[in-house]
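Letter by letter, the chains look like this.
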Amino acid sequence: MRLWSRELWHLGLLACAGSLIGWLFSATGLGLAAGLGLFIVKQLRQLRALHRWLTRNPQAEPPAASGLWGELFDRLYRYQKGQRHTQERLRTTLKRIQESSEAMRDSVVMLDQHGDLEWWNGAADRMLGLRTPQDRGQHITNLVRDPRFVAYFNARDYRDPLTLPSPIDERMILQIQITLYGDDERLLMARDITRLHRLEQMRRDFVANVSHELRTPLTVLAGYLETYADNADQLPPRLARSLSQMQGQTTRMQSLVNDLLLLSRLELEQSGDDHTPLDMGELLESVSRDAAALARGQQQITVEVDEERTLLGSDQEIRSAVSNLAYNAVRYTPAGSHIVLRWKRYDRGACIEVEDNGDGIDPEHVPRLTERFYRVDKGRSSATGGTGLGLAIVKHVLLRHDASLAIDTRPGHGALFRCVFPEVRLNPAATTEKAG
């Protein structure tokens, strides 16, 4: 305010001086205009100096000035100096980010809101075949044309990574993850998992081969044991008990081998060849009869069907998944429990539910229930003949049918296993025919 007051006093003095001089010459108005003109000329000179400083050499010291203009020059200079320091820090930070990104073994690609390439590191050149600067501004799907990547990119559901061969070397297996950030921009990261992929393939082949090789000797052993068991009444009691235990363990080993072979087949084979519309009411009734035979009257098993549409899928695989859930409910619920097999609408799709009112499961075990050989109670699982592979089979079957598994359980309140299928897996023709 002090600077503004000084400028106003200056303006007033010039106006008064000009008026006084004009009054002496009988031209007061002309004198006033002359005083105001001098003030305007001074302001224009300072404005011209400001313009020349900003346009010609803003990095230099500001022009010398006093009063309000001097304060304005000083403030502009300090602001410019602060901006230069900020820009320098940003440039240094960006340079360090680029240098650290260049040092990464994983590919990093920045895409704008349209999916066009903005920047990438050197690893992206080696893994994705991007070229600098020719590919800058190109859409990512013009360079990575695998249909699986195009569908993944356009779906905008990036919760899970995508695994596919490199576009420049099919022997290189990449795991691609996209993250949304900023103004609908995308950050693409690709990792070379060739070694892990080969190790996983070796593991699958090993399990499949070993399981297959074990099947023949176990079949022979079970056949001989069954033959001896037919004459168990002629054997000493101690030998008969040993024979019974060997027969039980052989049966358990056969179940384990069969589950391992099924898991290997689910992992290695392509899905879709045997998919047909499935009458879920009939399938659940069939599974409930098998589960009732396993329960031997100790649990009550019922079927509820509230969805008329059929499910497009593999009868063998869906039956195996539901059977595993139903058999687990029979094995791990006490006598007198009630087990329900249900097919009903769920959101836009439908779901299969296996619900019981047994002891339930502690929530801390739920995230690991679908892991192979994971057991909540190892001793109890062995006693009931479980292999620890049932829920792993369920998980793989659902993945092959674009479905997901949800588990709702807590101790003392039973358990609910829900297999959720999307609408694309339902056959509307069944509903149409019934309505007609």
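Scope of this entry: the structure provided in the associated data block.

Reading guide: rules and limits
Residues numbered from 1 in each chain as written. Predicted model: local features only at pLDDT ≥ 70, side-chain atom pairs only at ≥ 80, totals over all residues. Heavy atoms only, no water. Helix = DSSP H or I, 4+ residues; strand = E, 2+ residues; numbered from the N terminus. Rg over C-alpha atoms; globule rule 2.2 N^0.38 Å. Buried < 20%, exposed > 50% of the residue type's maximum accessible area, 1.4 Å probe, protein only. Contact = heavy atoms within 4.5 Å. Areas by Shrake-Rupley, 256 points an atom, 1.4 Å probe, with all protein chains shown as cover. Pairing = 2+ DSSP bridges. Axes fitted to C-alpha atoms, helices over the stretch in contact; angles between N-to-C directions. Core = buried A, V, L, I, M, F, W, Y, C linked by side-chain atoms within 4.5 Å. 1 Å grid on protein atoms, 1.4 Å probe; cavity = no way out; pocket = protein on both sides within 12 Å on 5 of 7 lines; lining within 4 Å. Points joined across faces, edges and corners; volume = space filled by probe spheres on them. Nonpolar A, V, L, I, M, F, W, Y, C, P; charged D, E, K, R; others polar. Salt bridge = Lys/Arg side-chain N within 4 Å of Asp/Glu carboxyl O. Parallel < 35°, antiparallel > 145°, perpendicular 65-115°, else oblique. Left-handed = near helix turned anticlockwise from the far one by under 90°.

1. Points about the overall build of the protein
Next, step 1: Broken down by element type, the protein carries 13 helices and 13 strands.
Next, step 2: Taken over the C-alpha trace, the protein has a radius of gyration of 40 Å; the compact-globule value for 436 residues is 22 Å, which it surpasses by more than 25%.
Next, step 3: Here the protein holds 436 residues, and the buried ones make up 36% of them.
Next, step 4: Taking the contacts inside the protein whose residues are at least 6 apart along the sequence as the reference set, 58% of them involve residues at least 24 apart.
Next, step 5: Element-wise, carbon and sulfur atoms account for 54% of the exposed surface of the protein, whose accessible area totals about 26,800 Å².

2. Remarks on the sheet that holds strand S12 (residues 415–421)
Next, step 1: If you trace the five strands from one edge of the open sheet to the other, you get S7-S9-S10-S12-S11, paired in mixed fashion. Only two strands of the sheet have a single partner each, and these edge strands are strand S7 (300–305) and strand S11 (404–409). Taking each pair of neighbouring strands and ignoring which way they run, the sheet shows an average axis angle of 15°.
Next, step 2: Two elements, S7 and strand S9 (residues 338–346), share six bridges in a ladder whose sense is parallel. Paired with Glu304 across the strands is Arg342, a residue of S9.
Next, step 3: Docked against the sheet, helix H10 (residues 315–331) engages S7, S9, strand S10 (349–356) and S12, running at close to 25° with respect to S10.

3. So, the nonpolar core
Next, step 1: Among the nonpolar cores identified, the biggest contains 43 residues, and Met280, Leu283, Ile318, Trp343, Ile352 and Phe421 are the most heavily contacted of them.
Next, step 2: Of all the elements in the fold, those that place two or more residues in this core are helix H8 (237–268), helix H9 (280–295), H10, S9, S10, helix H12 (390–400) and S12.
Next, step 3: The element best represented in this core is H10, accounting for seven residues.
Next, step 4: Of all hydrophobic cores here, the second largest spans 22 residues; its members include Met172, Ile176, Ile178 and Ala190.

4. Quick word on the pairing of S9
Next, step 1: One ladder, built from eight bridges, connects S9 with S10; its direction is antiparallel. By the bridge assignment for S10, Trp343 is matched with Ile352.
Next, step 2: Two successive antiparallel strands, S9 and S10, enclose a turn made up of two residues, where Asp347 displays a positive phi of approximately 55°.

5. Here we look at the environment of Gln298
Next, step 1: Take Gln298: it is sitting in the loop between H9 and S7.
Next, step 2: With a relative accessible area of 46%, Gln298 lands in the partly exposed category.
Next, step 3: With 40 residues separating them along the chain, Gln298 and His338 place their C-alpha atoms 9.5 Å apart.
Next, step 4: Discounting chain neighbours no more than four positions away, the residues touching Gln298 are Ala335, Gly336 and Ser337.

6. Overview of empty space enclosed by the protein
Next, step 1: Under the definition given, this model contains one cavity of 30 Å³ or more.
Next, step 2: Space inside the largest cavity adds up to approximately 40 Å³.
Next, step 3: What lines the largest cavity is Arg203, Arg204, Val207, Leu260, Leu263, Ser264, Glu267 and Arg372.
Next, step 4: Where the lining of the largest cavity is concerned, the elements lending two or more residues are helix H7 (194–230) and H8.
Next, step 5: Ranked by residues supplied to the lining of the largest cavity, first place goes to H8 with four residues.
Next, step 6: Of the residues that constitute the lining of the largest cavity, the class distribution is three nonpolar, one polar and four charged.

7. So, the pattern of salt bridges
Next, step 1: One pass over the full model with this rule turns up 18 salt bridges.
Next, step 2: Here Asp146 and Arg148 are joined by a salt bridge, their closest N and O atoms 3.0 Å apart.
Next, step 3: Beyond isolated ion pairs, a larger network of salt bridges with shared partners links Glu304, Arg342, Lys344, Glu353, Glu355 and Arg418.

8. Remarks on the packing of H8 against H12
Next, step 1: It is at 10 Å that the axes of H8 and H12 come closest, and there the two elements cross at 25°. Taken together, H8 and H12 sit at an angle that is classed as roughly parallel. Both H8 and H12 take part in a crossing whose hand is left-handed. Touching Asp259, Leu262, Leu263, Arg265, Leu266 and Glu267 of H8 are Ala392, Ile393, His396, Val397 and Arg400, all from H12.
Next, step 2: Across the contact of H8 with H12, the residue classes break down as six nonpolar, one polar and four charged.

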